[in-house]
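# Observations on the three-dimensional arrangement
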Amino acid sequence: QVQLVESGGGLVQPGGSLRLSCAASGSIFSMRRGAWYRQAPGKQRELVAEISLGGTTNYADSVKGRFIISRDNAKSTVYLQMNSLKPEDTAVYYCVAGSFTYGTWGQGTQVTVSS
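Below you will find a few notes about this structure. Here the structure is a predicted model, which means the values were calculated and not measured.

Let's shift gears to the pattern of salt bridges. Inspection of every chain in the model, using the stated rule, returns five salt bridges. The partner of D61 in a salt bridge is K64, and the shortest N-O contact between them spans 3.2 Å. Exposure remark for D61: the relative accessible area of 68% places this residue in the exposed category. Close ionic contact of D89 with R66 constitutes a salt bridge, the shortest N to O distance being 2.8 Å. Taken together, the residues D89 in the loop between β8 (77-82) and β9 (91-97) and R66 in the loop between β6 (57-59) and β7 (67-72) connect sequence positions 23 residues apart. As far as burial versus exposure is concerned, D89 and R66 are alike and both buried. Each of the salt bridges in this network shares a partner with another, and the network as a whole consists of R38, E46, R66 and D89.

Attention now goes to the packing of aromatic side chains. Under the defined criterion, the tally for this structure stands at four aromatic pairs. Relative to W105, the ring of Y37 lies with its centre 5.2 Å away and its plane at 40°, an arrangement referred to as tilted. In this pair, Y37 sits in strand β4 (residues 34-39) while W105 sits in strand β10 (residues 104-105), placing the two residues 68 residues apart along the sequence. The exposure class of W105 is partly exposed, given its relative accessible area of 24%. Seen in terms of ring centroids, Y94 and W105 are 6.2 Å apart; in terms of plane orientation they differ by 70°. Their pairing is edge-to-face. One end of the pair, Y94, is in strand β9; the other, W105, is in strand β10, and 11 residues separate them in sequence.

Calculation notes
Residues numbered from 1 in each chain as written. Predicted model: local features only at pLDDT ≥ 70, side-chain atom pairs only at ≥ 80, totals over all residues. Heavy atoms only, no water. Salt bridge = Lys/Arg side-chain N within 4 Å of Asp/Glu carboxyl O. Buried < 20%, exposed > 50% of the residue type's maximum accessible area, 1.4 Å probe, protein only. Helix = DSSP H or I, 4+ residues; strand = E, 2+ residues; numbered from the N terminus. Phe/Tyr/Trp six-rings, centres within 6.5 Å; stacked < 30°, edge-to-face > 60°.

So, in structure tokens, the structure goes:
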């Protein structure tokens, strides 16, 4: 069975950058679709970015132009490069392999953007 391990979260100042990693173990078929979601206190979980097996990407309007999702299929890893971070980006970030409903979720990693 596949498991996802997230890393890269932390505290950063506005305008700074972080790179999140989501590494899959247990199956080379584990990440047909890779996605990042986030959930801030008092808000619904929202899709941040997604990437297909072939590399097609989709971004939430709120992060378009600032975040980049990528994948390394040989390493079964999906990344989220976050640039020009804003306080409203503060949330717990979750990676998903597969669909929202049936996919495998990572444990979540906290991203805090604060001065």
